[in-house]
Amino acid sequence: MRKTTIAALAGIAAVSIALTGCGRADTGTGAEGESGEPQAGFAADATIGVALPDRTSENWVLAGDLFTNGLTDAGFTGNVQYAGSSNSVGDQQQQIQSMIADGAEVIIIGAADTGQLATQLEAADAADITVIAYDRLIQDSELVDYYVAFDNFNVGVLQAQSLLEGLEAQHGDVDTWNIELFSGSADDSNSAVFFDGAMSVLQPMIDDGTLNIVSGQTTVQQTATEDWAAENAQNRMDTILQASYGGEDLHGVLSPNDNLARAILTSVQNAGRDVPVVTGQDSEVESVQSIVDGVQYSTIYKDTRALVAAAIEMAQALQAGEEPTTTGTQDNGAYEVPSNLLEPVIVTQENAAEAYAENPDLAPLTEG
Ligand code: BGC
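Let us look at the structure shown here. (Residues numbered from 1 in each chain as written. Predicted model: local features only at pLDDT ≥ 70, side-chain atom pairs only at ≥ 80, totals over all residues. Heavy atoms only, no water.)

Check the secondary structure of the protein and you find 10 helices and 13 strands. In the protein, buried positions account for 52% of the 368 residues. When contacts within the protein are restricted to residue pairs at least 6 apart in sequence, those whose partners lie at least 24 apart make up 73%. Summed over its atoms, the accessible surface of the protein is roughly 15500 Å², and 46% of this surface lies on carbon and sulfur atoms. (Helix = DSSP H or I, 4+ residues; strand = E, 2+ residues; numbered from the N terminus. Buried < 20%, exposed > 50% of the residue type's maximum accessible area, 1.4 Å probe, protein only. Contact = heavy atoms within 4.5 Å. Areas by Shrake-Rupley, 256 points an atom, 1.4 Å probe, with all protein chains shown as cover.)

Structure (structure tokens):
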């Protein structure tokens with residue numbers, strides 16, 4: 001079967017739809033005081049709560065310090081909490097309840113489970129607190145006021161495009177590429193969005209026989225990695241290699257992030273096989289090094305500094321009584337949440353130096 005050229009997909013522009021309902025209309029937006037001066041939304045040194053999930057990837061580790069310092073620099077009182085790994089949902093629910101009790105004006109949430117915060121959102125709404133979903137869109141609630149993230153669908157599109165590019169470069173002589181698909185944890189709404197973005201590119205090539213998923217596992221459910229845990233990805237790769245790859249070559253793997261990419265590579269290497277084209281996400285130090293060394297094929301750069309800054313800017317706008325900057329809306333199953341989406345960048349060996357030039361932690365890895 002002939003390989004079709006990689007279709008470059010234009011970013012799916014988020015269409016802004018009239019809001020069907022918003023959790024709050026009481027942020028003081030545009031309100032004027034008796035003197036006619038614009039009224040601040042709340043005190044300049046107000047408490048801003050930040051509830052982060054367990055540290056399942058480096059971006060979450062970075063976010064904690066960036067929020068702590070950034071909120072202080074902005075004059076706020078920051079209260080940054082992480083959920084632990086053993087009871088992440090319960091921890092986070094409790095942490096949000098305490099932030100509400102402590103009088104936070106805004107709570108920024110990177111959800112441990114994007115479907116388990118209904119009670120906390122009700123309580124925040126009752127206390128007139130603005131809720132900003134950070135990186136992961138909390139589902140099925142009109143009480144999520146804003147969302148700030150990278151464009152997750154486009155992350156998946158870019159991952160799939162780089163997978164095809166790597167396959168063409170490394171196995172251009174093969175008619176049918178054998179690949180496997182991995183997706184993230186089912187309790188994270190991002191997982192399906194990454195996967196859908198990737199499949200928007202890959203599905204036509206699966207259908208025309210250019211790509212062969214040898215295991216036959218093609219759905220987001222079949223390919224999920226519980227808790228985003230590396231050992232789960234490694235075990236699944238081990239099992240697939242044993243069960244489905246007797247005499248077959250494995251040419252490529254769609255991995256949703258770097259931590260899982262390295263686990264997949266470990267599995268393949270332990271099996272004594274050639275390194276396939278493996279995608280990733282997060283620009284974790286070890287993976288960037290691996291890309292520079294020619295092992296992992298690609299990653300996605302979602303600069304955590306920019307995302308944290310965008311979230312803090314939303315809090316500052318609310319404090320000033322202004323409407324935060326948004327680029328469109330995202331459907332969370334209940335309504336179109338006003339959203340600020342930043343653009344992710346695909347990184348391979350070729351553009352690593354350029355992509356990380358402004359990042360003091362990553363730039364040195366690309367030198368020499
Ligand atoms: C984030 C990814 C991250 C994953 C696991 C996702 O929600 O968007 O950047 O790799 O969680 O921590």
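Turning to the site of the ligand, a few remarks are in order. For the ligand, the set of nearby residues contains 14 residues, the closest of which are Thr56, Ser57, Arg136, Asp188 and Asp282. Between the ligand and Thr56 there is a distance of 2.7 Å, counted from an oxygen atom to a side-chain nitrogen or oxygen. With respect to the ligand, the side chain of Asn59 contributes an N or O atom lying 3.1 Å from an oxygen atom. If the ligand stood free it would expose 310 Å²; the protein chains cover 100% of that surface. Those elements that provide at least two residues to the shell around the ligand are α1 (58-73) and α5 (189-207). (Near = heavy atom within 4 Å. Polar contact = N/O pair within 3.5 Å; in protein donor to acceptor, adjacent residues only side chain to side chain.)

If you look at the biggest cluster of nonpolar residues, it comprises 27 residues, and the most contacted ones within it are Ile48, Leu52, Phe67, Ile108, Ile132, Tyr134 and Val148. When residues of this core are traced back to their parent elements, those giving at least two are β1 (47-52), α1, β3 (106-109), β4 (130-134), β5 (146-150) and α9 (304-319). If one sorts the elements of this core by residue count, α9 sits on top with 8 residues. Every residue in contact with Ile108, bar those within four places of it in the chain, is listed here: Ile48, Gly49, Val50, Ala51, Phe67, Ile132, Tyr134 and Ala311. Among the nonpolar cores identified, the runner-up in size contains 23 residues, and Ile138, Leu143, Tyr335 and Val337 belong to it. (Core = buried A, V, L, I, M, F, W, Y, C linked by side-chain atoms within 4.5 Å.)

For the rest of this paragraph, the subject is helix α3 (residues 118-126). Burial in α3 covers these residues: Gln120, Leu121 and Ala124. Across the axial projection of α3, the buried residues extend over an arc of 100 degrees, all falling on one side. Across from the buried face of α3, at angles greater than 90 degrees, the exposed residues are Ala118, Thr119 and Ala126. Buried residues in α3 make contact with α2 (88-101), β3 and β4. (Arc of directions from axis to C-beta.)

As a further point, take the packing of aromatic side chains. In total, this model carries 5 aromatic pairs according to the counting rule given. With centroids separated by 5.9 Å and ring planes inclined at 65 degrees, the aromatic side chains of Trp60 and Tyr134 adopt a geometry described as edge-to-face. Of this pair, Trp60 sits in helix α1 while Tyr134 sits in strand β4; the two residues are 74 residues apart in sequence, bridging distant segments of the chain. Judged by its relative accessible area of 2%, Trp60 is buried. Residues Phe194 and Trp228 carry aromatic rings whose centres are separated by 6.3 Å and whose planes lie at 70 degrees to one another, so their mutual orientation is edge-to-face. A residue pair is termed long-range when its members are at least 10 positions apart, and Phe194 in helix α5 and Trp228 in the loop between β7 (211-213) and α6 (230-244) qualify at 34 residues. For Phe194, a relative accessible area of 4% puts it in the buried group. Of the aromatic side chains, those joined through ring pairs into one cluster are Trp60, Phe67 and Tyr134. One residue, Arg55, lies across the ring of Tyr82, its end atom 3.6 Å from the ring centre. The ring of Phe182 carries the charged tip of Arg236 above its face, separated from the ring centre by 4.4 Å. (Phe/Tyr/Trp six-rings, centres within 6.5 Å; stacked < 30°, edge-to-face > 60°. Lys NZ or Arg CZ within 6 Å of the ring centre and 35° of its normal.)

A few words on the pattern of salt bridges. Scanning the entire structure with this criterion turns up 5 salt bridges. Among the ionic pairs, Asp135 bridges to Lys302, the shortest N-O distance being 3.7 Å. Taken together, the positions of Asp135 in the loop between β4 and β5 and Lys302 in the loop between β10 (298-301) and α9 put the pair 167 residues apart, joining distant regions of the chain. Like Lys302, Asp135 is buried. The salt bridge involving Arg262 is made with Glu284; its shortest N-O contact spans 3.0 Å. (Salt bridge = Lys/Arg side-chain N within 4 Å of Asp/Glu carboxyl O.)

Turning our attention to the environment of Glu322. As for its placement among the helices and strands, Glu322 is situated in the loop between α9 and β11 (328-331). Along the backbone, Glu322 and Gly41 are 281 residues apart, and their C-alpha atoms lie at a distance of 7.7 Å.

This brings us to the sheet that holds β1. Spatial ordering of the open sheet is given by β2-β1-β3-β4-β5-β12-β11, a layout of 7 strands whose pairing is mixed. Single-partner strands in this sheet number two, and they are β2 (77-82) and β11. Averaged over neighbouring strand pairs, the angle between their axes works out to 25 degrees when direction is ignored. (Pairing = 2+ DSSP bridges. Axes fitted to C-alpha atoms, helices over the stretch in contact; angles between N-to-C directions.)

On to the pairing of β11. Pairing of β11 with strand β12 (residues 336-342) involves 4 bridges; the strand directions are antiparallel. Residue pairing across strands places Asp331 opposite Glu336, the latter belonging to β12. Where β11 folds back onto β12 in an antiparallel hairpin, the turn is made up of 4 residues, including Gly333, whose phi is positive at roughly 95 degrees.

With respect to the helices and strands, the residue Leu121 is situated in helix α3. A sequence separation of 28 residues divides Leu121 from Gln93, and the C-alpha atoms of the two residues are 9.8 Å apart.

Just distances and angles here, no functional claims.
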